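# A closer look at the structure
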Amino acid sequence: MPRHVLAATRMDGREIAREERPAAPSLTVVAAYGDLHACDYVTVSQGESVGLYARDPGGRWDAVSPGTDAVTTDEMRLWFELTHHYPGPDGADPNHPLGRAPQPGAVGRIDERRAIALVQEHIATGGLDYPSQGLVADRFAAGWSVYAPVDVDDSDPMAFLDMPVGRSVFMVGDTGRIKEVTSAIPPGQADALFTAEEAFVRRTPAEEAFMNDLKAEFERLDARSGQPGAITDFTVVGTPPEDMTAARVTALTDEIARQLALCGPQRWERMVAAFSCAVSAETADLCFWQHERPVEARVPEQIALLVRRQRHLAAAMPAGPWLRLMVAVTKGPGGQAQVSTQYDYGDERLPDGQLLAPRHYRNDLAAYPRAEVPAWLRAYAGANGRRTASPHTAPPRSAPPHTAPSRSAPPHQEAPERPFVDSPVGWTTHVVADQQRITYGGDSLTWEEIEWVRYPVSRTKHQGFLFPSMYTNTYTFGVGRYGNSPKSLENLTWSKGGKRAEAPEAWLALVEFAQRVLEPRLLAQRLDLIRRGGSFTIGEMSVHRGGLTLRGVMEADWGSLTDVKVADGLVWIHERGRQQAVRVSLGSANAVLLPRIVAAMAG
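We now turn to the structure provided with this report. Owing to the predicted nature of the structure, the values given are computational and were not obtained by experimental measurement.

Another aspect to go through is the overall build of the chain. A tally of helices and strands in the chain yields eleven helices and 29 strands. With 603 residues in all, the chain has 45% of them scored as buried. For the chain, restricting intrachain contacts to residue pairs at least 6 apart in sequence, the fraction spanning at least 24 positions comes to 55%. Of the roughly 30,900 Å² that the chain leaves accessible, carbon and sulfur atoms contribute 52%.

A few words on the sheet that holds strand 11 (residues 281–290). Strand order across the open sheet formed by five strands is 12-11-10-13-14, with antiparallel pairing between neighbours. Every interior strand has two partners, whereas the edge strands, strand 12 (293–297) and strand 14 (337–344), have only one. Each adjacent strand pair in this sheet contributes to an overall mean axis angle of 15 degrees, direction not counted. Here nine bridges tie strand 10 (residues 270–278) to strand 11, and the two strands are oriented antiparallel to one another.

Moving on: the sheet that holds strand 17 (residues 437–440). Two orientations exist for strands paired in a sheet by backbone hydrogen bonds: parallel and antiparallel. Spatially, the four strands line up as an open sheet ordered 15-16-17-18, and their pairing is antiparallel. Sheet topology places strand 15 (421–424) and strand 18 (443–446) at the edges, where each strand pairs with a single neighbour. Taken pair by pair, the neighbouring strands of this sheet meet at an average axis angle of 10 degrees, ignoring direction. As judged from the four bridges shared by strand 15 and strand 16 (residues 430–433), these two strands associate in the antiparallel manner. Its bridge partner being in strand 16, Asp422 is matched across the sheet by Val432. The strands touched by helix 10 (residues 505–531) within the sheet are strand 15, strand 16 and strand 17, with strand 15 carrying the most contacts at an inclination of about 140 degrees.

The subject of this paragraph is helix 1 (residues 27–36). Listed in full, the buried residues belonging to helix 1 are Val30, Ala31, Tyr33 and Gly34. On an axial view of helix 1, the arc spanned by its buried residues comes to 160 degrees, and they lie on one face. In helix 1, the exposed positions that point more than 90 degrees away from the buried face belong to Thr28 and Leu36. Considering only its buried residues, helix 1 is in contact with strand 1 (4–9), strand 2 (15–21), strand 3 (41–46), strand 4 (49–55) and strand 5 (61–68).

Criteria and cut-off values
- Residues numbered from 1 in each chain as written.
- Predicted model: local features only at pLDDT ≥ 70, side-chain atom pairs only at ≥ 80, totals over all residues.
- Heavy atoms only, no water.
- Helix = DSSP H or I, 4+ residues; strand = E, 2+ residues; numbered from the N terminus.
- Buried < 20%, exposed > 50% of the residue type's maximum accessible area, 1.4 Å probe, protein only.
- Contact = heavy atoms within 4.5 Å.
- Areas by Shrake-Rupley, 256 points an atom, 1.4 Å probe, with all protein chains shown as cover.
- Pairing = 2+ DSSP bridges.
- Axes fitted to C-alpha atoms, helices over the stretch in contact; angles between N-to-C directions.
- Arc of directions from axis to C-beta.

Here it is as structure tokens:
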């Protein structure tokens, strides 16, 4: 039986140390081995199977991939490096595998006017509350940074600190992909991260890159030989064989399924994910079934990166890049899982809820030229951005037996979605909430655009003298965006009397939805911002990569925090060596996230 080989590695896969063990090491042993050699990655190999373990920025070790092949392990190591460590505290490294922008390829570089026009279209179609005129663009390695300018001192390298907190900046890649980021991330760091994402998705396979480098080296030596043409021919023999590419794509799909499985509720029985992709945009629907009850979940941006990478590799197959990918996982007895994968290459028109805007398919056809393009796609993509009407189409032949519900289009357009909350707040006005948005009076927000949530409860005792004491219980629910946000949605309040009053059903339904749908997204965004060097405030508490800061009261690194509790309408934060806990009101925006932020960062 093959022995287990434990290897400490750098982020590029180079080994620092290795040793053999007769039995599979535990996570504790792996973590101790990685800490001993001051590295972030450890592999455990047995025969052809390789397991990858990694340490996050908070110092916590976990299994990234329990067992795959060596090539896919390299993919997952670089993916983890990108999503957790890059760029580090010292900034981007041009010698890092992700530090250089990919070659423009068939698409070429877009110009400044095109980048601004794409952002203007993005603002208009998305209904974003952002200026569309007077935008400026700054070139960086992988594209353009487009934003509405503010008056800052250009000679000051720290001038970005004077920008309004939370202001949006749009990164536009040469493929046409747009990513909205916050000005809380320093511009240089945002540019480096976007460039690294493009480099990760579009880099050439390792063996192909080796042959290209070998050819370049031969040509360099030929030029130095003093006899030009001494090497008359050097041919890189195509791309990797089709079976090798197919194996790599399949292995990466299995890793995507593993990562998606972590996004669901406990004890789910079935999962279905559906991705509709082009080179510059994608939609993702993810649904789990728990006791035959569907539970929708959000696909994190980190997993979307893996999907883009898988599609780029799949584009080298004879069929070309797929338009839709469906992944279904069913748990069997004994914890075994059955994974089924189906690809839709657009033989038939895609369902409306998963059909992207025409410009994205034009970008895709330019990036991945196809010998044959379905007639409907050629007509749709050539419609100059105007969506053409079409009769109802049947589901594509490759649709999976269980399709995740689409958030962007209800199954029956003629039947409006039934709200799960329709309750009066105050005397007359109702708050109405469905799976898409929340509305109060004339104000409305979609759940996707919400940036903070709060739902504190308070009780007021009215002390009696001649009569018994009275109690008033106040239940508040608030959501909003930082900056310009509807005020009416920030303070929805229900009141009930009684010492043991039951919470209003409408308030409970909104809180349950926020905990299930909003909080996972908001938590992932805040943790990503922290790990990338950004900061934000919860109440008067500043949360940043180093820890928590409350001016004049607390300056605590993550390792010094010992306990976080929620009680009496407050978040109580205990620091080693401090007798009194620091308190943050649950009435503060996103205060409900603090315990999980501390748990994630402090380990």
